[in-house]
Amino acid sequence: MTFPAVGTAPNPEDLLIFLAVARTGRFTTAAESLGLNHTTVSRRIAALEKALDGRLLARAVGGWELTELGERARTAAEGVESAVTLLRGSDREAQQISGVVRMSATDGFSAYIAAPAVATLQRRHPLLRVEIVTVTRRALQHRSGLDIEIVVGEPQVHRAESILLGYYNLGMYASRQYLNTHGTPTSIAELTEHPLVYFVDSMLQVDDLDAPRRLVPQMRESLSSTNVFVHVEGTRAGAGIGFLPCFMADQHSDLVRLLPEDFQERLPYWMVLRTESLRLPAVAALVAALRAQMESHAAALLGNDPHRLD
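Residues numbered from 1 in each chain as written. Predicted model: local features only at pLDDT ≥ 70, side-chain atom pairs only at ≥ 80, totals over all residues. Heavy atoms only, no water.

J.: Could you give an account of empty space enclosed by the protein, with specific residues and numbers?
T.: What the rule picks out here adds up to three cavities of 30 Å³ or more. The calculated volume of the largest cavity comes to roughly 140 Å³. Looking at the largest cavity, it is lined by 18 residues, and the ones nearest its centre are Thr106, Tyr168, Phe199, Val228 and Pro245. Among the secondary structure elements, those contributing two or more residues to the lining of the largest cavity are helix 6 (107-124), strand 6 (161-175), helix 10 (228-236), strand 9 (241-245) and helix 11 (246-249). Ranked by residues supplied to the lining of the largest cavity, first place goes to helix 6 with three residues. (1 Å grid on protein atoms, 1.4 Å probe; cavity = no way out; pocket = protein on both sides within 12 Å on 5 of 7 lines; lining within 4 Å. Points joined across faces, edges and corners; volume = space filled by probe spheres on them. Helix = DSSP H or I, 4+ residues; strand = E, 2+ residues; numbered from the N terminus.)

J.: Which residues make up the nonpolar core, and what are the values?
T.: Counting 62 residues, the largest nonpolar core has Met103, Phe109, Ile150, Met172 and Leu209 as the members making the most contacts within it. Per-element accounting of this core gives the leading share, eight residues, to helix 12 (residues 281-296). With residues near it in sequence (within four places) discarded, Leu209 still touches Thr136, Val152, Tyr168, Leu170, Tyr198, Phe199, Leu204 and Leu267. Among the nonpolar cores identified, the runner-up in size contains 20 residues, and Ala20, Ala22, Leu66 and Ala73 belong to it. (Core = buried A, V, L, I, M, F, W, Y, C linked by side-chain atoms within 4.5 Å. Buried < 20%, exposed > 50% of the residue type's maximum accessible area, 1.4 Å probe, protein only. Contact = heavy atoms within 4.5 Å.)

J.: Go over the pairing of strand 11 (residues 265-273) with me, naming the residues and quoting the values.
T.: In terms of burial, strand 11 is largely enclosed, as eight of its nine residues are buried. Alignment of strand 5 (residues 148-152) against strand 11, held across four bridges, turns out to be antiparallel. Note on strand 11: the bridge partner recorded for Glu149 is Val272. Pairing between strand 6 and strand 11: nine bridges, direction antiparallel. In the sheet register, Leu164 faces strand 11, and the bridge partner there is Trp270. (Pairing = 2+ DSSP bridges.)

J.: Can you lay out the packing of helix 6 against helix 12 for me, pointing to particular residues and giving the numbers?
T.: Here helix 6 crosses helix 12 at 120°, and the two axes come no closer than 9 Å. By the angle class used here, helix 6 and helix 12 are oblique. Crossing hand, helix 6 versus helix 12: right-handed. Between helix 6, through Phe109, Tyr112, Ile113, Ala114, Pro116, Ala117, Val118 and Leu121, and helix 12, the contact on the second element is made entirely by Ala285, Leu286, Ala289, Leu290, Gln293 and Met294. Its residues placed into classes, the contact of helix 6 with helix 12 shows 13 nonpolar, one polar and no charged. (Axes fitted to C-alpha atoms, helices over the stretch in contact; angles between N-to-C directions. Parallel < 35°, antiparallel > 145°, perpendicular 65-115°, else oblique. Left-handed = near helix turned anticlockwise from the far one by under 90°. Nonpolar A, V, L, I, M, F, W, Y, C, P; charged D, E, K, R; others polar.)

J.: I'd like to hear about the side chain of Ser175, residue by residue, with values.
T.: Mapped onto the secondary structure, Ser175 falls in strand 6. Here Tyr178 takes part through its backbone nitrogen, which lies 3.0 Å from a polar atom of the side chain of Ser175. Every residue in contact with Ser175, bar those within four places of it in the chain, is listed here: Thr235, Arg236, Gly238, Asp254 and Leu255. (Polar contact = N/O pair within 3.5 Å; in protein donor to acceptor, adjacent residues only side chain to side chain.)

J.: Kindly report on the pattern of salt bridges, identifying the contributing residues and their values.
T.: All chains considered together, the criterion is met by nine salt bridges. The salt bridge involving Arg236 is made with Glu233; its shortest N-O contact spans 3.4 Å. Note that Arg236 and Glu233 are positioned in helix 10 at a spacing of three residues, about one turn of the helix. With a relative accessible area of 28%, Arg236 lands in the partly exposed category. (Salt bridge = Lys/Arg side-chain N within 4 Å of Asp/Glu carboxyl O.)

Limitation: the analysis is restricted to geometry and does not speak to function.
As structure tokens, then:
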């Protein structure tokens, strides 16, 4: 690899700092991961650009993107990183995956898929750290600071990799106590006489999750929340009939599924990540772990497995 001839050679440490910015798309996030302040990171990137006689980063919505020279510098920085890793430890340590992976996902996915997958992965790679932000939304067009996004519904994004992880089912559930008090609906007409526990309609950002308004628009809202765990616990407490992920509701013996033939809404989980994120061993390992967790619990996710998802 060649760079334009200039007065000074690039500092390897500056290359490693630049690599952190290239991976996160943000100076502040890179500074946090490196234990530096924003000013130091900015100064070191400026020094590297001066040494290479060109711009490495271009301003984009929500962060920074690599220029053509930046892409070349990233490749060089990855070589420096690999060499440093090899020199610092034994063969066993060199094979260890470390670093921080930042991801966002829905509440249910985070708890029942991501958390167990991370725990399994960390048994082999104890130096790996994973940060999970729980949120239910469409995929972001600019995901600076995030390595992985898990969303419901097929994403429409640019300059990103989209991977279909698998499917899960939603169903209508009520608590046994609620049914004993209010009766068990045996038809859609009877179901609409009961209150609904589900997402806050005005705050719902994912079109695929709007099924109750399409399937049973006559149901009045009872308890609404942006958090699916509130849906589950509210349904268990008797606030109404909840439209719940089967893999979450089936964990509770006090919940009864209603009219499964009429209400079996199947939704896809998609993974979205920046193309460059897949070059990171830690991200690639977590992607593989999440896919394996989804595959091993496919039946439970669809509500077809009588065993708990664990």
